[in-house]
Amino acid sequence: MFESVAMPLQSTFDSLGALFFQFLNSFGFIVLATVGLAIIFGMMGVINLAHGEFILIGVYGTALPYHAGLPLPLAMVVGVLVTTVFGVIVERTIVRHFYDRLLDSMVATWGLSLIVAQLLLIIFGSSLDSISTPLGNISYGPFSSSIYRSILLPMIAILVLVGLYVLFTRTEFGIKARATIKDPETARAMGIDTDRMYVMTFAIGSALAGLTGALSAPSLGSITPNRGGTFLVEAFVAVVVGGPSVIVGTLSAAGVLSVFNATGSFFVDTFFGQMLMLSVAILALRLLPEGITGYVESWRRRRRAEE
Amino acid sequence: MSERNAESLVDRVRGRLEGPNTLGNSTTFWIGFVVAVAALAAYPQVTDPYTALQTSRYFALAFLAISLCFVWGYCGVLSFGQVAFFGISAYTFGTIGINFASMTGATAGLFGAVIVGTLAAAVLGYFMFYGGVRDVYVTIMTLVVALVLNTFMGQTAGSEWAIGAARLGGFNGMTNIPNLTFGIGEAGIVFQTVGFYYAVLFALVATYLGLRVLLNSSFGMTMVAVREDEERTATFGYNVPFIKLVVFTIGGGLAALGGVFYASWGNYVDPSVFSIAFAALPVVWVSIGGRESLLGAIGATLLIERMRTGLSSGIGPVGPEWALVIVGGLLLGVILFMPAGIAPTLNDLKDSLLEQRSSRSPSSSPTEESVE
């Protein structure tokens, strides 16, 4: 691959194309894995360490009906619904006790993740049959990329982010939800049912986790109860690198991280891509302790102070 | 005269060991403590060697628990990465011990491994605390470091991944790690089975007492001040990043010591020591036992690990697969219903009972208000 300089121009284009599709694949995956966690962390200040298992419930909620004979899109809807209901139950029974206890919320949801992953193992066994990836591949030169993973998923990821932007800035619900997060006392005094806002926000976060699970079900290969960890790590790294602003943070972090992940995976192997991405994340945290958006925010504030 | 001297010596020692930062400052507590240590010391004599050996593994793991208890419970730094220093030290001990297969080599391995593990913590701590990384970001960063090591060590299966004679071994792990040894040349002791049990028990008790002294010193007070309010502590002129760095480094050293014990216990270490599942365990032990109680954390480690071993062969209808569900459930229950953990909750219960009993006669010594 390093001799590509000597190769004809066409194959250089092919390599660049492959690198780009690798980037899109990684980008779509990271955005989807992150966005549910980012909403719950950014809006509610709760770290949900069971996020990977929420996604896993989406995967199982999709795979089981699919294997029972439901068409894939319908099975995905079931997956999202199941995860949303699960999220609401968890919010009412566990998470609501931890709204101002960040570290405790991590530990408690960690306990939850152990239980969920192990129960999935006990109930459904060590693996479910995989679902074949729909839509096939496009090939160019010696390379080929999955349309589903490298084109459809990144597009859905962007749509989700746009949808969230509209929801939280343009609708009455979004304004009420943000008011609740900013200042619950005042929000309540203005007649907002803050309890309901918390449940709704958590439900949206869970639904997004479910959506991620549903969409990933056909691209995971074998479906095993320990896959939650894969999602969790990427999601976490992206959330902390992105910083407090949900949408811009997720977008920028996913962009930066997948450049490194894709480059490393393409030129060496997926293991190296993963290592490179995690190392960059560590470095980014050291240089920008508040994440990318936190840094931009404080830079803006300094600018304003200077003027 | 000599009796009075002895008495004042006991008072002086107790004065160092006791204070508002540690639970258990009464004579009753110390009697109970001595009885418990004596019982643990007698345990290998009354049980079979296999059980004694298993118990010595719990002791090794208890070092991880106290290291997390120290940095999280007393300085507010929740680290998921104590297992990283534990694992680094275990691998270092193996590498040195395998390359210098002698008594001197294994002893050098013990010190070398602890030094390397401690240095790793110091470097990471410097990187984080002087870079302004805080709170939950520290937690994530430490977790990521452990996972990077997990991924890295997992792919070292090839023969090119070796340090001298020591093969890293990928997911199969590093084998033939020497026993815990203390000596030079031909003179020295190799700690095996019951000997190992006593060595680790001794180290654990000594560490516990040492940490109590440290926590009740003025440095311990500063640590607690950082935990309670970083900004205020900084306003009083304390160098908060430096304090956190020192605490994190000491915590790393404790974890590293545990790593040496762990590696020499099974003569083996593999990348699972860096995995998410293993990284979760110290958090579980400390949360359940009580993050502000070293003894609670140690006790929780011993009991939970004992339970996990017990469940590995199944108890009645409950098979080994339920172990993690029970551990997770315990963790969730404790965090929900007694957020401080079991040991501090029991302590509060005891205090309120005593208060009720002695409410007619006002207590002569003023009770310490915990800084909350």
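Residue positions are given per chain, counted from 1 along the sequence in the order it is written. Note on labels: chains are lettered from A, ligands numbered from 1, in written order. Per-residue local features of the predicted model are confined to residues with pLDDT of at least 70, and side-chain atom pairs are confined, for both listing and counting, to 80 or more; whole-chain, interface and lining totals are unaffected and use all residues.

**Considerations on the overall build of chain A**
A run of DSSP states H or I qualifies as a helix once it reaches four residues; a run of E qualifies as a strand once it reaches two. Both are numbered from the N-terminal end. Each helix and strand in chain A was counted, giving twelve helices and two strands. Ordered by position from N to C terminus, the α and β elements of chain A give α-α-α-α-β-β-α-α-α-α-α-α-α-α. Computation of the radius of gyration draws on C-alpha atoms alone. For the globule rule, the value is 2.2 Å times the number of residues to the power 0.38. Taken over the C-alpha trace, chain A has a radius of gyration of 20 Å; the compact-globule value for 307 residues is 19 Å, and the two agree within 12%. Counting only C-alpha atoms and orienting by the principal axes, one finds that chain A spans roughly 70 × 60 × 35 Å. Partly exposed residues are those whose C-beta has more than 12 but fewer than 20 other C-beta atoms within 10 Å; 20 or more makes a residue buried and 12 or fewer makes it exposed, with C-beta atoms placed from the backbone. Counting only residues that meet the buried cut, chain A has 48% of its 307 residues in that class. For the purpose of contact definition, each residue receives a C-beta atom placed from its backbone, and two residues are in contact when these atoms lie within 7 Å. If you take every contact in chain A between residues at least 6 apart in sequence, the share linking residues at least 24 apart comes to 73%.

**Thoughts on the overall build of chain B**
Helices and strands together make up the secondary structure of chain B, namely 14 helices and four strands. Radius of gyration (C-alpha) of chain B: 21 Å, near the 21 Å computed for a compact globule of 372 residues. Taking the principal axes of its C-alpha atoms as reference, chain B extends roughly 75 × 55 × 50 Å. Classification of the 372 residues of chain B by burial places 44% in the buried group. Of the contacts formed within chain B by residues at least 6 apart in sequence, a portion of 76% connects residues at least 24 apart.

**Comments concerning helix α10 (residues 240–266) of chain B**
Residues and elements named next belong to chain B. Expected span of a helix, by definition, is 1.5 Å for each gap between consecutive residues, and there is one gap fewer than residues. The terminal C-alpha atoms of α10, which comprises 27 residues, lie 39 Å apart, in line with the 39 Å expected from a rise of 1.5 Å per residue. Counted residue by residue, α10 has 22 buried out of 27 residues, so it is predominantly covered. N267 sits one or two positions beyond α10 and adopts a positive phi of about 55°.

**Things to note about the pairing of strand β4 (residues 187–191) of chain B**
The side chains of a regular strand alternate between both faces of the sheet. Residues and elements named next belong to chain B. DSSP bridges decide pairing: two strands pair if at least two such bridges lie between them. One ladder, built from five bridges, connects strand β3 (residues 180–184) with β4; its direction is antiparallel. Note on β4: the bridge partner recorded for F182 is I189. Connecting β3 to the antiparallel partner β4 that follows it, the hairpin turn spans two residues, and G185 within it adopts a positive phi of roughly 60°.

**Some thoughts on the interface of chain B and chain A**
On the side of chain A, 33 residues touch chain B, which itself brings 34 residues to the contact. Those elements that place two or more of their residues in the side of chain B that touches chain A are α6 (135–154), α11 (276–289) and α13 (323–337) of chain B. Grouping the constituent residues of the side of chain B that touches chain A by class yields 23 nonpolar, eight polar and three charged. Residues are sorted three ways: Asp, Glu, Lys and Arg are charged, Ala, Val, Leu, Ile, Met, Phe, Trp, Tyr, Cys and Pro are nonpolar, and all the rest, Gly among them, are polar.

**Some details on the confidence of the model for chain B**
Residue and element names in this part refer to chain B. This prediction gives chain B a mean pLDDT of 83; 93% of its residues lie at or above 70. Summary of the metric used: pLDDT quantifies the predictor's per-residue confidence within the range 0 to 100. Per-residue pLDDT, averaged within each element of chain B, yields its smallest value for helix α1 (residues 2–17) (72) and its largest for α10 (92). Counted against residues more than four places away or in other chains, residues 362–372, with its pLDDT under 50, gives five contacts.

**What about the confidence of the model for chain A?**
Residues and elements named next belong to chain A. Predicted confidence across chain A gives a mean pLDDT of 80, with 94% of residues reaching 70 or more. Confidence scores differ between elements of chain A, with strand β2 (residues 143–146) showing the lowest mean pLDDT of 69 and helix α3 (residues 72–93) the highest of 89. Low pLDDT, under 50, characterises residues 1–6; the predicted model gives this stretch five contacts beyond four residues in sequence or across chains.

**As for unusual backbone geometry**
Located in the positive-phi region is N267 of chain B, a residue other than glycine, with phi close to 55°. Its location among the elements puts N267 of chain B in the loop between α10 and α11.

**Topic: helix α2 (residues 51–67) of chain A**
Compared with the 24 Å implied by 1.5 Å per residue over 17 residues, the 24 Å span of α2 of chain A between its first and last C-alpha is a close match. Where burial is concerned, most of α2 of chain A is hidden: 14 out of the 17 residues are buried.

**Some thoughts on the nonpolar core**
To form a nonpolar core, buried Ala, Val, Leu, Ile, Met, Phe, Trp, Tyr and Cys residues must be joined through C-beta atoms within 7 Å. Judged by nonpolar contacts, the single largest core of 201 residues is most densely connected at A65, I66 and V144 of chain B. Element by element, the count of residues in this core is highest for helix α1 (residues 9–44) of chain A, at 18 residues.

**A few points about the packing of helix α3 (residues 49–73) of chain B against helix α12 (residues 294–311) of chain B**
Residues and elements named next belong to chain B. Axes, fitted as lines to C-alpha atoms, cover a helix only where it is in contact. Angles between the N-to-C directions of the axes lie from 0 to 180 degrees. Orientation of α3 relative to α12, taken along the N-to-C sense of each, is 140°, at an axis distance of 8 Å. Relative to α12, the element α3 is oriented oblique. Two packed elements cross with a definite hand, and for α3 against α12 that hand is right-handed. Each of Q54, Y58, L61, A62, A65, I66 and C69 in α3 lies in contact with α12, whose residues at this interface are L294, A297, I298, T301, L302, E305, R306 and T309. Here the contact of α3 with α12 is built from residues that sort into ten nonpolar, three polar and two charged. Reported orientations rely on four angle classes, namely roughly parallel under 35 degrees, roughly antiparallel over 145, roughly perpendicular from 65 to 115, and oblique for the rest. Crossings are assigned a handedness: left-handed for a near helix turned anticlockwise from the far helix by less than a right angle, right-handed for a clockwise turn.

**Observations concerning the environment of L245 of chain B**
All names here are of chain B. Inspection of the secondary structure assignment puts L245 in helix α10. According to the C-beta neighbour criterion, L245 is buried, with 20 such atoms within 10 Å. Each C-alpha atom of the pair L245 and T47 lies 42 Å from the other, and the pair is 198 residues apart in sequence. Every residue in contact with L245, bar those within four places of it in the chain, is listed here: A122, G125, Y126 and F129.

**Comments concerning the packing of helix α2 (residues 27–46) of chain B against helix α7 (residues 193–215) of chain B**
Residue and element names in this part refer to chain B. Running from amino to carboxyl end, α2 crosses α7 at an angle of 165°, the nearest separation of the two axes being 9 Å. The pairing of α2 with α7 is recorded here as roughly antiparallel in orientation. Once α2 is placed against α7, the crossing between them reads as right-handed. Taken together, the residues of α7 that come into contact with α2 (itself represented by V37, L40, A41 and P44) are V194, Y197, L201 and V205. In terms of residue class, the contact of α2 with α7 is made up of eight nonpolar, no polar and no charged.

**So, the environment of V145 of chain B**
Residue placement: V145 of chain B occurs in helix α6. Along the backbone, V145 of chain B and A162 of chain B are 17 residues apart, and their C-alpha atoms lie at a distance of 21 Å.

**Considering the environment of L278 of chain A**
In this structure, L278 of chain A sits in helix α11 (residues 270–287). Judged by C-beta crowding, with 22 C-beta atoms within 10 Å, L278 of chain A ranks as buried. Taking the C-alpha atoms as reference points, L278 of chain A and F260 of chain A, separated by 18 residues in sequence, lie 9.2 Å from one another. Discounting chain neighbours no more than four positions away, the residues touching L278 of chain A are V237 of chain A together with V144, L147 and V148 of chain B.

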